[in-house]
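Fold and geometry: a report
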Amino acid sequence: MEELLKAYPAVLSISEVAEILNITPATVRRHIKNNDLPHIKIGRLVRIPKDSLISYLHGEQVGKEIAV
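What comes next is a walk through the structure. (Residues numbered from 1 in each chain as written. Predicted model: local features only at pLDDT ≥ 70, side-chain atom pairs only at ≥ 80, totals over all residues. Heavy atoms only, no water.)

**Thoughts on helix α3 (residues 25-33)**
When we look at burial in α3, the residues that qualify are T27, V28 and I32. Buried residues in α3, looked at end-on, bunch into an arc of 145°, giving them a common side. Residues of α3 that are buried in the fold lie against α2 (14-21) and β3 (45-49). Looking one or two residues past α3, N35 carries a phi angle of roughly 55°, positive in sign. (Buried < 20%, exposed > 50% of the residue type's maximum accessible area, 1.4 Å probe, protein only. Helix = DSSP H or I, 4+ residues; strand = E, 2+ residues; numbered from the N terminus. Arc of directions from axis to C-beta. Contact = heavy atoms within 4.5 Å.)

Laid out in structure tokens, this is it:
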């Protein structure tokens, strides 16, 4: 998985995560709303750190908003 993500920036948008996981942006937003996916809120923007996404996919981390 890490090899596939090398072309992406360190912090991903909802659309980038949807593209990587081959799901809809609405599904990504639902996981964020349910705090299943680690994310960062910057004003109205929501970003997902690439390292957190990898950990989440490996089942290593419980989703939550990351304080900045």
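**Here's the deal with the environment of L53**
Counting through the fold element by element, L53 comes out in helix α4 (residues 50-57). In contact with L53, other than residues within four places in its own chain, are L12, V17, I20, L21, L37 and I48.

**Some points on the pairing of β3**
Here 2 bridges tie strand β1 (residues 11-12) to β3, and the two strands are oriented antiparallel to one another. Looking at β3, one finds that V11 is bridged to P49. Of the strand pairs in this sheet, strand β2 (residues 40-42) and β3 are connected by 3 bridges, and their pairing is antiparallel. Looking across to β3, one finds that I42 is bridged to L45. The loop that links β2 with its antiparallel partner β3 comprises 2 residues; one of these, G43, has a positive phi angle of about 65°. (Pairing = 2+ DSSP bridges.)

**Some words on the sheet that holds β3**
Spatial ordering of the open sheet is given by β1-β3-β2, a layout of 3 strands whose pairing is antiparallel. On the outer flanks of this sheet lie β1 and β2, each paired with one strand and no other.

**Overview of the environment of L37**
Inspection of the secondary structure assignment puts L37 in the loop between α3 and β2. Classification of L37 by relative accessible area gives buried; the value is 3%. It is 6.9 Å that separates the C-alpha atoms of L37 and Y56, two residues lying 19 residues apart in sequence.

**A closer look at α4**
Along α4, the residues classified as buried are K50, S52, L53, I54 and S55. Elements that come into contact with the buried residues of α4 comprise α1 (2-5), β1, α2 and β3. Directly after α4, the chain includes G59, whose backbone phi takes a positive value near 75°.

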